[in-house]
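Letter by letter, the chains look like this.
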Amino acid sequence: FSLDDEHSPYYETKRVLLEAGVPCQMIDTPTLTNPDWKDLNLALNIVAKCGIVPWVLPEGMPGADFFVGLSYTQHRGDPGTRLMGYANVFNKYGRWLFYSGNTQTFEFNERGARLADLVASTLRRVESLSETPHIYFHYSARFSQGDREALVMAARSVRPQGTYSFVWINSHHPIRLYDERPESDGSLARGTYVVTSENQLYLSTTGYNPYRKTLGTPRPLEVTIWTYPPTGQVRTPPDLHALARQILALTKLNWASSDALTGEPITTKYAGDIAYLTAAFMRQGQPFRLHPALERTPWFL
């Protein structure tokens with residue numbers, strides 16, 4: 001079977017188990033024959049799915065209470081495009097807390113309203129949510145201004161005095177950044193950022209690092225932020241230095257591999273992992289419904 005064949009035993013079995021509330025870890029021959037994968041990654045994935053927290057940041061990220069990774073999976077079939085939205089919630093230490101998803105698929109033109117419902121239901125589930133939280137919503141699929149405003153209204157229905165920041169993390173752009181210094185390999189060092197406007201920067205997460213091999217093709221992340229303070233308060237320019245530090249910190253927390261560094265923050269990486277799985281499940285022709293018992297288990301690793 002090809003890797004993306006939705007009718008392969010991998011997807012058929014995984015779906016049955018996930019809908020029944022059983023966390024599972026699939027194993028193939030290359031994993032068993034590679035000591036790094038078998039003894040490190042495989043063991044880590046099993047431990048994480050058993051409820052153990054592998055690692056978090058040593059200190060909380062200042063100015064943030066929670067991060068919510070928002071995304072949706074598209075299923076292109078007859079009679080048209082169907083979507084399923086989902087959210088992953090992380091605390092200020094970068095710890096993944098739980099998964100939340102729409103129970104039914106919906107049409108593309110219903111996207112704003114359905115994601116707004118998802119945001120409201122997700123925030124109601126967050127424990128120890130203060131009356132004035134600062135919550136960051138991360139996403140890689142671009143949202144319109146109308147989408148953002150609908151999500152803000154939904155969030156304010158739960159916490160009217162909260163501050164809500166929307167961070168679009170875009171890796172599909174033609175911009176490349178280079179370092180001409182002789183001590184580098186030509187790519188912009190990991191952790192370096194370039195400010196391009198009041199609310200946008202380009203952050204290098206895969207560039208030159210003297211302590212380890214480069215993480216793939218040096219391609220900076222385009223990061224754009226819109227912040228909505230509580231009603232009646234004046235909107236101030238975002239702190240882009242703090243934003244760059246947040247994004248970089250969230251690239252050090254990948255629970256899917258014993259090598260914790262990734263080229264994108266786990267808020268959007270985990271969303272991509274979920275999209276890959278749920279897209280295959282949706283191609284099988286039936287709606288996918290994760291068992292509620294697994295919503296606090298990182299079943300997608």
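Summarised in this report is the structure supplied together with it.

## Details of the overall build of the protein chain
For the protein chain, the count of helices and strands is seven helices and nine strands. Taken against the 2.2 N^0.38 rule, which gives 19 Å for 301 residues, the C-alpha radius of gyration of the protein chain at 20 Å falls within 12% of a compact globule. By principal-axis analysis of the C-alpha atoms, the protein chain measures approximately 50 × 50 × 40 Å. For the protein chain, buried positions account for 48% of its 301 residues. In the protein chain, the proportion of contacts linking residues at least 24 apart, taken out of those at least 6 apart, comes to 66%.

## A look at the pattern of salt bridges
Under the counting rule described, the total for this entry stands at eight salt bridges. Between glutamate 295 and arginine 125 there is a salt bridge, with its nearest N and O atoms 3.1 Å apart. Of this pair, glutamate 295 sits in the segment after helix H7 (266–283) while arginine 125 sits in helix H4 (residues 111–125), and the two are 170 residues apart along the sequence. A salt bridge links aspartate 273 to lysine 269; the nearest nitrogen and oxygen atoms lie 3.6 Å apart. Of this pair, aspartate 273 and lysine 269 both sit in helix H7, four residues apart, which is roughly one turn of that helix. Lysine 269 gets classed as buried once you look at its relative accessible area, which sits at 18%.

## A word on the packing of aromatic side chains
Aromatic rings in a pair are described by how distant their centres are and how their planes are angled relative to each other. Following the criterion strictly, the structure yields 15 aromatic pairs and no others. With a centroid separation of 6.4 Å and 80° between ring planes, the pair formed by tyrosine 11 and phenylalanine 281 is classed as edge-to-face. On the criterion of sequence distance, the pair formed by tyrosine 11 in helix H1 (residues 9–19) and phenylalanine 281 in helix H7 is long-range, its members being 270 residues apart. Neither residue differs from the other here; tyrosine 11 and phenylalanine 281 are each classed as buried. Members of the aromatic cluster, each reached through a chain of ring pairs, are Tyr10, Tyr11, Tyr86, Phe90, Trp96, Tyr99, Tyr270, Phe281, Phe288, Trp299 and Phe300. The ring of tryptophan 226 carries the charged tip of arginine 148 above its face, separated from the ring centre by 3.8 Å.

## Comments concerning unusual backbone geometry
A positive phi angle, near 60°, is found at serine 128, a position not held by glycine. Its location among the elements puts serine 128 in the loop between H4 and strand S5 (134–139). Taking the relative accessible area as the measure of exposure, serine 128 reaches 73% and is therefore exposed.

## Examining the side chain of asparagine 91
Note that asparagine 91 resides in strand S2 (residues 81–91). Its relative accessible area of 17% is what places asparagine 91 among the buried residues. A polar contact of 2.9 Å, which involves the side chain of asparagine 91, links it to the backbone nitrogen of tyrosine 93. Excluding its chain neighbours within four sequence positions, the residues that come into contact with asparagine 91 are Asp65, Phe66, Phe67 and Leu97.

## Concerning the packing of H1 against H7
Close contact between H1 and H7 brings their axes to 10 Å; oriented N to C, the two are set at 100°. Classified by the angle their axes make, H1 and H7 are roughly perpendicular. Contacts between H1 and H7 involve Tyr10, Tyr11, Lys14, Arg15 and Leu18 from the former and Tyr276, Leu277, Ala280 and Phe281 from the latter. Among the residues forming the contact of H1 with H7, the class breakdown is seven nonpolar, no polar and two charged.

Cut-offs and rules
Residues numbered from 1 in each chain as written. Predicted model: local features only at pLDDT ≥ 70, side-chain atom pairs only at ≥ 80, totals over all residues. Heavy atoms only, no water. Helix = DSSP H or I, 4+ residues; strand = E, 2+ residues; numbered from the N terminus. Rg over C-alpha atoms; globule rule 2.2 N^0.38 Å. Buried < 20%, exposed > 50% of the residue type's maximum accessible area, 1.4 Å probe, protein only. Contact = heavy atoms within 4.5 Å. Salt bridge = Lys/Arg side-chain N within 4 Å of Asp/Glu carboxyl O. Phe/Tyr/Trp six-rings, centres within 6.5 Å; stacked < 30°, edge-to-face > 60°. Lys NZ or Arg CZ within 6 Å of the ring centre and 35° of its normal. Polar contact = N/O pair within 3.5 Å; in protein donor to acceptor, adjacent residues only side chain to side chain. Axes fitted to C-alpha atoms, helices over the stretch in contact; angles between N-to-C directions. Parallel < 35°, antiparallel > 145°, perpendicular 65-115°, else oblique. Nonpolar A, V, L, I, M, F, W, Y, C, P; charged D, E, K, R; others polar.

None of the figures reported here should be taken as evidence of function without further support.
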